[in-house]
Amino acid sequence: FCNALIDEVDAFDLSKLPCRRPNTMNKLGLVVNDMGLEPIMTCILERLVAPMCKALYPEEEICSALDHHHSFVVRYRTKTGDNDDGSSGLDMHHDASEATL
């Protein structure tokens, strides 16, 4: 699955179709729902992520109500150089999500 997802992201990136960035912290992210992957990401949420969160954190009420997602991938550059666009890593930040994978 991971290799297939990477292949899809790479192909979408090469297509030069317009895309939304998932947040303001990076310039190389891509919302995978915009690529047509929302149904599979919803399936992963319902069949894997939500049950896992409920099992790991049974006392947290929010874990029984995970019913939406903002699914995205982020690519980080391994080297900095003349084209450094600030996407070499993730700085300290706070998320407002119930679960982050």
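Residues numbered from 1 in each chain as written. Predicted model: local features only at pLDDT ≥ 70, side-chain atom pairs only at ≥ 80, totals over all residues. Heavy atoms only, no water.

J.: How do you make sense of unusual backbone geometry when you look at a structure like this?
T.: Even without being glycine, lysine 16 reaches a positive phi, approximately 65°. Relative to the helices and strands, lysine 16 is located in the loop between α1 (2-15) and β1 (29-31). Take lysine 16: its relative accessible area is 68%, and that puts it in the exposed class. (Helix = DSSP H or I, 4+ residues; strand = E, 2+ residues; numbered from the N terminus. Buried < 20%, exposed > 50% of the residue type's maximum accessible area, 1.4 Å probe, protein only.)

J.: For this particular structure, what's the right way to read the layout of surface pockets?
T.: One simple way to see leftover space: roll a probe sized like a water molecule over the atoms. By volume, the largest pocket amounts to about 1400 Å³. If you trace the largest pocket, you find 46 residues lining it, with His70, Ser71, Phe72, Val73 and Leu101 closest to the centre. When contributions to the lining of the largest pocket are tallied by element, the ones reaching two or more residues are α1, β1, α2 (38-56) and β2 (72-74). Of all the elements, α1 adds the most residues to the lining of the largest pocket, at seven residues. Classifying every residue of the lining of the largest pocket gives 27 nonpolar, 10 polar and nine charged. (1 Å grid on protein atoms, 1.4 Å probe; cavity = no way out; pocket = protein on both sides within 12 Å on 5 of 7 lines; lining within 4 Å. Points joined across faces, edges and corners; volume = space filled by probe spheres on them. Nonpolar A, V, L, I, M, F, W, Y, C, P; charged D, E, K, R; others polar.)

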